[in-house]
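Survey of secondary and tertiary structure
Listed here are the chains, written in short residue letters.
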Amino acid sequence: MPLIALLTALLCNLVPPVLAKIPQTFKVEGLEVEGVEGLKVERLNVEGDIALKGTNLKPANLPYSNAKGEQAVNFKPDNFKPANFKPDNFKPANLQPANFKISTLLKQGKGLYDSGRFAEAVDVLEQALESNQTQGDKLSEAMVLSNLSLAYQQLGLWTQAKNAIANSEKILRSLKATDKSTGYLQVLAQSLMIKGSIELGSSEAKAAMESWEQAAVTYGELGDEAGQIRSRINIAQALQELGMYKRALNLLNQVEESLTAQPDSLNKAIGLRSLGNMRQLVGELSQSRETLEKSLEIARNLPSSEEISATLFSLGNTARAQQELDEAIDYYQQAFDESLDPITKLEAQLNQLSLLIDNKRIAQAQALIPQIWPQLESLPLSRRSIYLRINFAQSLMKDEVRSIKDERNVQTSAKRLQLSAKTGVEPSYEIAKILATAVQQAKALGDKRAEAYALGSLGQLYQKNQQLPESQDLTQQALKLAQEINAPDISYRWQWQLGRILKQQGEEQNAIAAYTEAVNTLKSLRSDLVAVNQEVRFTFRESVEPVYREFVQLLLQSDSRNSNPDNLEKAREIIESLQLAELDNYFRSACLNATPVVIDQVIDQVDTKAALIYPIILPESVDIIIRLPQQQLRHYRTELPQDQTESTLEELRKFLQQVHRRAFLPMSQQVYNWVIRPIEEDLANSQVEV
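Residues numbered from 1 in each chain as written. Predicted model: local features only at pLDDT ≥ 70, side-chain atom pairs only at ≥ 80, totals over all residues. Heavy atoms only, no water.

As for the packing of aromatic side chains
In total, this model carries 4 aromatic pairs according to the counting rule given. Their ring planes at 70° and their centres at 5.1 Å tell us that Y113 and F118 sit as a pair that is edge-to-face. On the basis of relative accessible area, Y113 is assigned to the buried category, the value being 0%. You can call F118 buried: its relative accessible area is 1%. One cation-aromatic arrangement involves K345 over F336; the distance from NZ or CZ to the ring centre is 4.2 Å. The ring of W496 is capped by R500, whose NZ or CZ atom sits 4.6 Å from the centre of that ring. (Phe/Tyr/Trp six-rings, centres within 6.5 Å; stacked < 30°, edge-to-face > 60°. Buried < 20%, exposed > 50% of the residue type's maximum accessible area, 1.4 Å probe, protein only. Lys NZ or Arg CZ within 6 Å of the ring centre and 35° of its normal.)

Notes on the environment of M193
Summarising the element assignment, M193 is placed in helix α6 (residues 182-201). The exposure class assigned to M193 is buried, which follows from its relative accessible area of 0%. Sequence spacing of M193 and A216 is 23 residues, and the spatial spacing of their C-alpha atoms is 9.1 Å. (Helix = DSSP H or I, 4+ residues; strand = E, 2+ residues; numbered from the N terminus.)

Here we look at the confidence of the model for the protein chain
Summary statistics for the protein chain give a mean pLDDT of 75 and a share of 74% for residues scoring 70 or more. For the protein chain, per-element mean pLDDT is lowest for helix α1 (residues 8-13), which scores 28, and highest for helix α13 (residues 325-338), which scores 94. A low-confidence stretch, residues 1-94 (pLDDT under 50), is modelled with 466 contacts involving residues beyond four sequence positions or located in other chains. Taken together, the stretch residues 404-425 has pLDDT below 50 and engages in 35 contacts with residues farther than four places along the chain or on a different chain. (pLDDT = per-residue confidence, 0-100. Contact = heavy atoms within 4.5 Å.)

Observations concerning the side chain of Q497
On the secondary structure map, Q497 appears in helix α22 (residues 488-504). Take Q497: its relative accessible area is 2%, and that puts it in the buried class. In terms of polar contacts, Q497 uses its side chain to reach the backbone carbonyl oxygen of G456, at 3.3 Å. What Q497 contacts, discounting residues up to four positions off in sequence, is G456, G459, Q460, Q463 and T475. (Polar contact = N/O pair within 3.5 Å; in protein donor to acceptor, adjacent residues only side chain to side chain.)

Description of unusual backbone geometry
Going from L302 to P303, the amide bond is cis rather than trans, its omega being -15°. Within the secondary structure, P303 sits in the loop between α11 (285-301) and α12 (305-321). Non-glycine residue Q323 carries a positive phi angle of around 65°. Tracing the sequence through the fold places Q323 in the loop between α12 and α13. You will see that Q466, though not glycine, has its phi angle at about 65°, which is positive. Mapping Q466 onto the fold places it in the loop between α20 (448-464) and α21 (468-484).

Notes on helix α8 (residues 225-241)
Its 17 residues give α8 an end-to-end C-alpha distance of 25 Å, which sits within 8% of 24 Å, the value for a rise of 1.5 Å per residue. Counted residue by residue, α8 has 14 buried out of 17 residues, so it is predominantly covered. Sitting at the head of α8, D224 places a side-chain oxygen 3.2 Å from the backbone nitrogen of A226. (Expected span 1.5 Å × (residues − 1).)

Notes on the packing of helix α5 (residues 158-175) against α6
The geometry of α5 relative to α6 is characterised by a closest axis approach of 10 Å and an angle of 150° between their N-to-C directions. By the angle between their axes, α5 is roughly antiparallel relative to α6. Handedness of the crossing formed by α5 with α6: left-handed. Here α5 contributes W158, A161, K162, I165, S168, E169, L172 and L175 to the contact with α6, which in turn contributes Y184, V187, L188, S191, I194, K195, I198 and G201. Here the contact of α5 with α6 is built from residues that sort into 10 nonpolar, 3 polar and 3 charged. (Axes fitted to C-alpha atoms, helices over the stretch in contact; angles between N-to-C directions. Parallel < 35°, antiparallel > 145°, perpendicular 65-115°, else oblique. Left-handed = near helix turned anticlockwise from the far one by under 90°. Nonpolar A, V, L, I, M, F, W, Y, C, P; charged D, E, K, R; others polar.)

What follows is the structure in structure tokens.
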């Protein structure tokens, strides 16, 4: 069935047109959206005491290294600089402004913030700030500024966020000598927590750690042990970003001891859940589950349905990271059953959906889709609801869903996606409607981050539909906005997407330039990729590794047509960068102590009997790059489907564990033919021994 047109009326007014016939494609002409920022990959939620309660967004999908720290995978993608700073725990400062108008505005701003209406919250808080400045209440002004900073972060307005927290800090310093009240200490602690989140989001992990250490001291002066614990959990995250994993884990163990010594309470349950999320992030999966189960037991005894649901959700993410599929699905279902919040319930179902799709359980996924759709349509406008729309669309865009063939009903996915049995439209039309609605809702909220992610995702849909000029236009808008708001975690995704589009259009050199920028951006994000926010929906293998491999494939294809030493050198560099990124991902830490070695000098000057061999598995070939002593790089290719290559290597790995059977010999010979046979003559002529 051909695709329904996504007309201007749909994109700009969100009113589906009455169609007399079905055009072959949907269009983007007349789309009046100026900016895009791809979904920001957020990192693990930073805990903190703030006067505005965080929205506690949960990832609608777990990227695994995914796990919900509310959220890291997970990259929801909102993410790499924590523009979504969402503390799991909220303990408002005990400071009531004397002026009734200011107090009312603060309460209104908090309500808007909690609803995800951040632009409106900023407007109200700015009014409160103006009133404060007129009244001369400096302590209240400092609190409003810190809250404004938090709201600015949510909108990706980093310059404003930094200025607001700096002004708050300046006021607090001026009050330090004269004000020793509890209210002063509470506002100071909250300001330091928010300052640390900004610093972490600006890749200043050391500065963030120092701010949170000061916050911990301030909470100590208040006798607020829960605040100290939250500060220490944040410090552990900063240590992890700095590559100090032993220190981070030791600190987490100390935090657990402190929590265990406390009587059971909601704060203790939240603290244990936060600790469990952090342990999941750093790869301590068994410990993560154990800690989360303790949190769940306390939450059930209180009881607190909200906390029970949140902890079940975290347990689902940990089970997912452990590859315990059925357990993860069960935890998500329990989270759905337990929660009274419609958005939380939908988040749990969306995590189930993405998990089912990722594991090829398409029939089960299809059964879940019609349950999700009506809930999505009834959600109130908020940032969370926008991200749920986008995540739902991302799941539906998966190739497994869009191309499913069922013996009983070849149009299964199309029918399940229809709003009614009579609409008679294809899934791509419905997905486009979801994303178009998300774009308009994000614009209504002034949420550029969400708007960008929605537009970039829409560009992805157009690419899948082979509407490349429209896809390129949307992707370039997305990239422009991501760069304007200094969001490299988003920029790399759109640079990568642009590279794919340009490659499909035959613009090879421009594609190479786009891939180059994507890889350079990823390099700048090394530690951020390790701590990717759980709002991000993708795994390392889905969202990072393909950037490198596709780039190498493009370079080597170009070299096959026209030998180019620069392309070979670039391909080798990209493969080495991928290997380092894989190590970072495996160890959950950027390999900060890695010392670069110019390996060419080794074989040219130190060991002239050695050669460098780079086997590269690509979708349709096994490529070999070889560097012989005192010679330029050379490239060889064996045409071979990737699945055949990988299955042979997997079988060989199994048989190598049973060497006595010698069954591995035929497969070893096969691999030899792929890797060594093409370069045998070169090796012999160069008298290479190693």
